[in-house]
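Structural features, examined
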Amino acid sequence: MSNIFEYAPAPESRAVVDIKPSYGLFINGEFVDGHGKAFKTVNPATEEVLAEVAEADDADVDEAVKAARRAYTRVWSRMSGAERAKYLYRIARIIQERGRELAVLESIDNGKPIKESRDVDIPVVAAHFFYYAGWADKLEHSGYGSTPLGVAGQVIPWNFPLLMLAWKIAPALACGNTVVLKPAETTPLTALLFAEICQQADLPPGVVNIVTGAGDTGRAIVSHPDVDKVAFTGSTEVGKAIARAVAGTDKKVTLELGGKAANIVFDDAPLDQAIEGIVNGIFFNQGHVCCAGSRLLVQESVADEVLERLKRRMSTLRMGDPLDKNTDVGAINSGEQLKRIRELSEVGDAEGAERWEVACDLPTKGFWFPPTLFTGVSQAHRIAREEIFGPVLSVLTFRTPSEAVEKANNTPFGLSAGVWTDKGSRILSMANRLRAGVVWANTFNKFDPTSPFGGYKESGYGREGGRHGLEAYLKGADS
Amino acid sequence: MSRIDVRKTYKLYIGGQFPRSESGRSYVVNDTKGRLLANAAQASRKDARDAVVAARAAFGGWSGRTAYNRAQVVYRIAEVLEGRREQFEAELRAAEGVSATKARTYVDAAIDRLVWYAGWADKITQVVGNANPVAGPFFNLSTPEPSGVIAVVAPRGALLGLVSVVAPLIVTGNTVVVIASQDNPLTAITLGEVMATSDLPGGVVNVLTGSQAEIAPWLASHMDVNGLDLTGVEDAALATDLEVAAADNLKRVRRPAPDTDWLLEPALDRMTRFMETKTVWHPIGV
């Protein structure tokens, strides 16, 4: 769409990043060849093949777990918290120093806008290592004891590749555990760069092991008998499979799964901020966010005005090259994910909801889906019940606070929710009644290492971040 | 002529009522010498589902009460139990064959455990919740909330064991469906009578007697149950099956604990395992 305020292209340079033609597995402090086949990782904005990455098979995973166990027994669990902390501080500093390189690589491999990887992901990644570094020598103050669990097997998704890595690795290491981590098959490159950072930090071999691959590799990690702790972020479906796989074992598990967050706008809300919050809530990272505000619940009396303003604001979103510093909405992470978004949107059409999308020219190469909203959505519609994990917003209305609570809670998920109103007592009462792990009032999609994050119900169990995030990696006191 | 005693009919405790099993079944409960104590109700799948419905209906009101009020109710259970010590001592001696001294120890410990947990109602939030100093102009607070309806397989130790698994759940605002110890179910129903007369709203605690292996799978796979406490499951294969079933809606699971010494002071874990942490953000500004 052309308008008088056209922006000139402002691409970030790729020169800072050196992508190798192929990568091995990072086991015991070294890159080694895997036994499995190689797979390709592509730039979702261009479909250009970026590199070949090794697929770890059962034997590779076993070697990684053995390396982690050795490092745990001989080095990491014996080291004082103060010494462990210094390694984590080193890693935090290197992430800051190489922040631009990490941000560019993240945007290339994932398709997210550079302004998000540069201004949100990477700073928060560094902050996580910094925050948990400080816990390493203070665990006895946490309330969860100070005894680590052992080897942690961690499987992370493709929507925030480095941030999820930080959420998993920083607390695990701070508590004295060693890790075997598998990044998602579509976004392995920054995890492999993180492996180099571990080498730069002289982290003892085996403390962090990175194995690449898809579902089979993940299954091998989760079900490995010598893994003491499983941490997973991803789909509810896989989360349930993991919960089944660890049944009857001693493995401790945390799961961060899907969501279908309600973003509730009352008629007295500060509308300008609310519109920004709605847009940020669902179009941040192309909607590839488990806590995305994908259900807009707007009070009937202001529904028309909110929709009009929302459409106007959405029309100003700039979509395109993720490396362009002006880009608001980047590429869908994979062809497979794009297919799923299209399918569910078509279900929305078929069920009678009304689709409206931003008019824009989509690039011919790569995976793209325009910011979209559906009106006339009812509770029973699949687009109001299932996680779409894309830039698709379903709009519903309500009349009373109780109706808003009922609709918001009417889902098997319970990860997050948003409330927009000027009335303080209403915010507090809504926050109390919403069954969700995170409630953002008059704001949305805020993250901080000190702030616990995690879901109710089928959004999974356990918390990541903050003091509470330590619980997942310490033995605690059972009785 | 000696007096013929009036025998007690032991039924289920669901939604504040004492119904028989809808299946019309009962099972023989003997004392340790093999003499008949009673025919206990043998709960069915339908009884389990009714209990979940009752527990769900009670959840909103119970979790919405002030912590102060929940503490008073749990304290009241201890008061009423205190007044019926002799009855429970006699029941424990008859059912579990323990000595008078031991029976007294267990009853006293059960009362004291209720008092201990009652005191936690308005403190657990302060001890496991906290403010988070985020790097930005935001008010950010994490507080624990009850998970919802929790299904519990109670351990042996019909009084102290049962109190030790149920009290931490209700004091934090959860509602409970509990399968009493299969071998010693009678005391659990008598405890139900105590709860029914202790200002505890109907449905907050529901007690089923019968076969663990028969009833527990229905609770483990029930989509309106949020948590599953397997403390009293002694069959490892059954425990695994129940944990697998619980995965269908990602119930919070507490795995079996075969060798717990119920006389020791508990940790917080029995309360926190079935609580969720809710974090609320709000901008700070003028």
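Read on for an overview of the structure. (Residues numbered from 1 in each chain as written. Chains lettered and ligands numbered in written order. Predicted model: local features only at pLDDT ≥ 70, side-chain atom pairs only at ≥ 80, totals over all residues. Heavy atoms only, no water.)

**Some remarks on the packing of helix α3 (residues 99-110) of chain A against helix α4 (residues 114-135) of chain A**
Residues and elements named next belong to chain A. Relative to each other, α3 and α4 sit at 130°, their axes nearing to 8 Å. In terms of axis orientation, α3 runs oblique to α4. Relative to α4, α3 is oriented so that their crossing is right-handed. In this structure, α3 contributes G99, L102, A103, V104, E106 and S107 to the contact, and α4 contributes I114, S117, R118, D121 and I122. (Axes fitted to C-alpha atoms, helices over the stretch in contact; angles between N-to-C directions. Helix = DSSP H or I, 4+ residues; strand = E, 2+ residues; numbered from the N terminus. Parallel < 35°, antiparallel > 145°, perpendicular 65-115°, else oblique. Left-handed = near helix turned anticlockwise from the far one by under 90°. Contact = heavy atoms within 4.5 Å.)

**Quick notes on the side chain of H468 of chain A**
Looking at the secondary structure, you find H468 of chain A in the segment after β17 (438-441). Relative accessible area serves as the criterion here: at 5%, H468 of chain A is assigned to the buried category. A polar contact is formed between the side chain of H468 of chain A and the backbone oxygen of V128 of chain B, at a distance of 2.9 Å. Discounting residues that sit within four places of it in the chain, H468 of chain A has contacts with Y144, P452 and R463 of chain A together with V128, N130, S142 and T277 of chain B. (Buried < 20%, exposed > 50% of the residue type's maximum accessible area, 1.4 Å probe, protein only. Polar contact = N/O pair within 3.5 Å; in protein donor to acceptor, adjacent residues only side chain to side chain.)

**Digging into empty space enclosed by the protein**
It is a probe the size of a water molecule, rolled over the atoms, that shows where empty space is left. All names here are of chain A. Under the counting rule described, the total for this entry stands at five cavities of 30 Å³ or more. Quantified by volume, the largest cavity comes out at close to 90 Å³. R295, A408, S416, R435 and A436 are, among the 15 residues lining the largest cavity, the residues nearest its centre. Elements that contribute at least two residues to the lining of the largest cavity include exactly α13 (401-409) and β16 (416-420). A class-by-class count of the residues in the lining of the largest cavity yields eight nonpolar, four polar and three charged. (1 Å grid on protein atoms, 1.4 Å probe; cavity = no way out; pocket = protein on both sides within 12 Å on 5 of 7 lines; lining within 4 Å. Points joined across faces, edges and corners; volume = space filled by probe spheres on them. Nonpolar A, V, L, I, M, F, W, Y, C, P; charged D, E, K, R; others polar.)

**Regarding the sheet that holds strand β5 (residues 149-153) of chain B**
Adjacent strands of a sheet pair through backbone hydrogen bonds, lying either parallel or antiparallel. Residues and elements named next belong to chain B. The strand order across the open sheet built from five strands is β7-β6-β5-β8-β9, with neighbouring strands paired in parallel fashion. Either end of the sheet is taken by a strand with one partner, and the two such strands are β7 (205-208) and β9 (252-254). The average undirected angle you get between the axes of adjacent strands in this sheet is 15°. Two strands pair when backbone bridges link them, and β5 and strand β6 (residues 175-179) are joined in this way by five bridges, in the parallel orientation. Of the residues in β6, the one forming a bridge with V153 is I179. Running over the sheet, helix α1 (residues 45-64) touches β5, β6 and β7 and is turned about 155° from β6. (Pairing = 2+ DSSP bridges.)

**Examining the pattern of salt bridges**
Evaluated as defined, the whole model comprises 51 salt bridges over all chains. Residue R252 of chain B pairs with E276 of chain B through a salt bridge whose shortest N-O separation is 2.7 Å. Placement of R252 of chain B in strand β9 and of E276 of chain B in strand β10 (residues 275-283) is noted, with a sequence separation of 24 residues between them. Counted as one network, the salt bridges with shared partners bring together K20, R98, E101 and E196 of chain A. (Salt bridge = Lys/Arg side-chain N within 4 Å of Asp/Glu carboxyl O.)

**Points about the interface of chain B and chain A**
Across the contact, 43 residues belong to chain B and 45 residues belong to chain A. Where chain B abuts chain A, roughly 3300 Å² becomes buried across the two surfaces, and 50% of that area is made up of carbon and sulfur atoms. Applying the counting rule to chain B against chain A returns two salt bridges. We note a salt bridge from R244 of chain A to D248 of chain B, for which the minimum N-O separation is 3.0 Å. At the boundary of chain B and chain A, one finds 29 residue pairs in polar contact (both at pLDDT 80 or more). For the side of chain B that touches chain A, the secondary structure elements donating two or more residues are α5 (124-128), β4 (138-146), α9 (236-246), β9, α10 (269-272) and β10 of chain B. At eight residues, the largest contribution of residues to the side of chain B that touches chain A is made by β10 of chain B. Taken together, the residues of the side of chain B that touches chain A sort by class into 17 nonpolar, 13 polar and 13 charged. Note: β17 of chain A against β10 of chain B, three bridges, orientation parallel. Bridge assignment links V439 of chain A to a residue of β10 of chain B, and that residue is V280 of chain B. (Buried area = accessible area lost by both parts, 1.4 Å probe.)

**A word on the nonpolar core**
Of all hydrophobic cores here, the largest spans 111 residues; its most connected members are I95, F129, L165, F194, V208, I210 and V265 of chain A. Element by element, the count of residues in this core is highest for helix α5 (residues 161-174) of chain A, at eleven residues. If we skip the residues at most four places from it in the chain, I95 of chain A touches L102, I122, V125, A126, F129, F194 and I197 of chain A. Of all hydrophobic cores here, the second largest spans 60 residues; its members include V29, A38, A167 and V176 of chain B. (Core = buried A, V, L, I, M, F, W, Y, C linked by side-chain atoms within 4.5 Å.)

**Topic: a nonpolar patch on the surface**
Residues F139, L141 and I284 of chain B make up a contiguous nonpolar surface patch of about 260 Å² in total accessible area. Following the sequence through the fold, I284 of chain B ends up in the segment after β10. (Patch = residues over 30% accessible without salt bridge, like charges linked within 9 Å, V, L, I, M, F, W, Y side chains within 5 Å. Areas by Shrake-Rupley, 256 points an atom, 1.4 Å probe, with all protein chains shown as cover.)

**Overview of the layout of surface pockets**
Residues and elements named next belong to chain A. By volume, the second largest pocket amounts to about 1200 Å³. The wall of the second largest pocket is formed by 43 residues, among which F232, G234, S235, V238 and R340 lie closest to the centre. Top element by residues in the lining of the second largest pocket is helix α8 (residues 236-245). It accounts for seven residues. Tallied by class, residues from the lining of the second largest pocket come to 18 nonpolar, 13 polar and twelve charged.

**Looking at the pairing of β17 of chain A**
Residues and elements named next belong to chain A. The alternating pattern of β17 places V438 and W440 on one face and V439 and A441 on the opposite face, and all of these are buried. As judged from the four bridges shared by β16 and β17, these two strands associate in the parallel manner. The residue bridging A417 from the neighbouring strand is V439, located in β17. In terms of handedness, the path from β16 via helix α14 (residues 424-433) over to β17 forms a crossover that is right-handed. (Right-handed = clockwise from strand over helix to strand, strands pointing away.)

**Some thoughts on the packing of aromatic side chains**
All names here are of chain A. Tallied over the full model, the rule gives 17 aromatic pairs over all chains. Between the aromatic rings of W158 and F389, the centroid separation amounts to 5.4 Å while the plane-to-plane angle is 85°, which identifies the pairing as edge-to-face. Pair noted here: W158 is in the loop between β6 (151-155) and α5 and F389 is in the loop between α12 (382-385) and β15 (392-398), with a separation of 231 residues, a long-range link. Take F389: its relative accessible area is 18%, and that puts it in the buried class. Each ring, one from F266 and one from F398, has its centre 5.2 Å from the other, and the planes form 80°; the classification is edge-to-face. Here the residue F266 occupies a position in the loop between β11 (262-265) and α9 (271-283), and F398 occupies one in strand β15, the gap between them amounting to 132 residues. In this pair, the class of F266 matches that of F398, namely buried. A connected cluster of aromatic rings, assembled from ring pairs, spans W167, W440, F444, F447 and F453. The side chain of K229 reaches across the aromatic face of Y473, ending 4.9 Å from its centre. (Phe/Tyr/Trp six-rings, centres within 6.5 Å; stacked < 30°, edge-to-face > 60°. Lys NZ or Arg CZ within 6 Å of the ring centre and 35° of its normal.)

**Points about α13 of chain A**
Those residues of α13 of chain A that fall on the buried side of the exposure criterion are A404, V405, K407, A408 and N409 of chain A. Here the buried face of α13 of chain A lies against β11, β12 (295-299), β15 and α14 of chain A.

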